[in-house]
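Residues per chain, in single letters:
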Amino acid sequence: MNRIARLATIRGALTVSLCALASGLAMAGDGKWVQDAKTCTPPEYPRDSLSKGEQGTTGLRILVGVDGKAIDSEIESSSHSRKLDSAAQRALMECSFKPQPADSKPAQQWVKTEFVWKLN
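**Here we look at the side chain of Thr58**
- For Thr58, the location among the structural elements is in strand β2 (residues 56–64).
- Thr58 sits in the buried class, given a relative accessible area of 0%.
- Among the polar contacts made by the side chain of Thr58, one reaches the side chain of Trp117 at a distance of 3.3 Å.
- Leave out the neighbours within four places in its chain, and Thr58 touches Ser77, Ser79, Leu84, Asp85, Ala88, Thr113, Glu114, Phe115 and Trp117.

**Focus: the packing of aromatic side chains**
- The tally for this structure, following the rule as stated, stands at 2 aromatic pairs.
- Ring geometry for Tyr45 versus Trp117: centroids 5.0 Å apart, planes at 80 degrees, classification edge-to-face. Placement of Tyr45 in the loop between β1 (32–35) and α2 (47–52) and of Trp117 in strand β5 (residues 109–117) is noted, with a sequence separation of 72 residues between them.
- With relative accessibility at 17%, the residue Tyr45 sits in the buried group.
- Centroid distance Phe115 to Trp117: 4.8 Å. Interplanar angle 70 degrees. Geometry classified as edge-to-face.
- Taken together, the aromatic side chains of Tyr45, Phe115 and Trp117 make up a single cluster linked through ring pairs.
- Above the plane of the ring of Trp110 lies Arg61, whose end atom (NZ or CZ) is 4.2 Å from the centre.

**Quick word on the environment of Lys69**
- Relative to the helices and strands, Lys69 resides in the loop between β2 and β3 (70–77).
- Between the C-alpha atoms of Lys69 and Glu94, which are 25 residues apart in sequence, the distance is 8.0 Å.
- Ignoring sequence-local partners within four residues, the contact set of Lys69 consists of Leu63, Val64 and Ser96.
- Engagement of the side chain of Lys69 in a polar contact is seen with the side chain of Ser96, the distance being 3.1 Å.

**Points about unusual backbone geometry**
- Here the residue pair Gln100 and Pro101 is connected by a cis peptide bond, since its omega of 0 degrees sits within 30 degrees of zero.
- By the element assignment, Pro101 lies in the loop between β4 (97–100) and β5.
- A positive phi angle is found at His80, which is not glycine, with a value near 75 degrees.

The rules behind these values
Residues numbered from 1 in each chain as written. Predicted model: local features only at pLDDT ≥ 70, side-chain atom pairs only at ≥ 80, totals over all residues. Heavy atoms only, no water. Helix = DSSP H or I, 4+ residues; strand = E, 2+ residues; numbered from the N terminus. Buried < 20%, exposed > 50% of the residue type's maximum accessible area, 1.4 Å probe, protein only. Polar contact = N/O pair within 3.5 Å; in protein donor to acceptor, adjacent residues only side chain to side chain. Contact = heavy atoms within 4.5 Å. Phe/Tyr/Trp six-rings, centres within 6.5 Å; stacked < 30°, edge-to-face > 60°. Lys NZ or Arg CZ within 6 Å of the ring centre and 35° of its normal.

All quantities given are derived from atomic positions and should not be read as evidence of function.
Written as structure tokens, this is what we have:
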């Protein structure tokens, strides 16, 4: 095989390898994480907030790792009560997340969720 043919063969093999690598990475990042409601314990209403009649909605962004566990979180929208926001953040960080669709392997990603604080 002459030098030009050998270079063309190497270039073709390299292109096929890079395409396979790119599609493998795309498949590894397919899907998304959704909160697994069975693993979430609702936050306890802070006593002080109960006595003050505080209500509202705490919006959170939770960073979910490739194992479906929460790594970090940020309050995206406040209930206007620091105690309610902190209680929601602590409780929702304990939740697990499952891949959607079930057979996918989502990458680490931020998931938005919220908790509504309402007195009956």
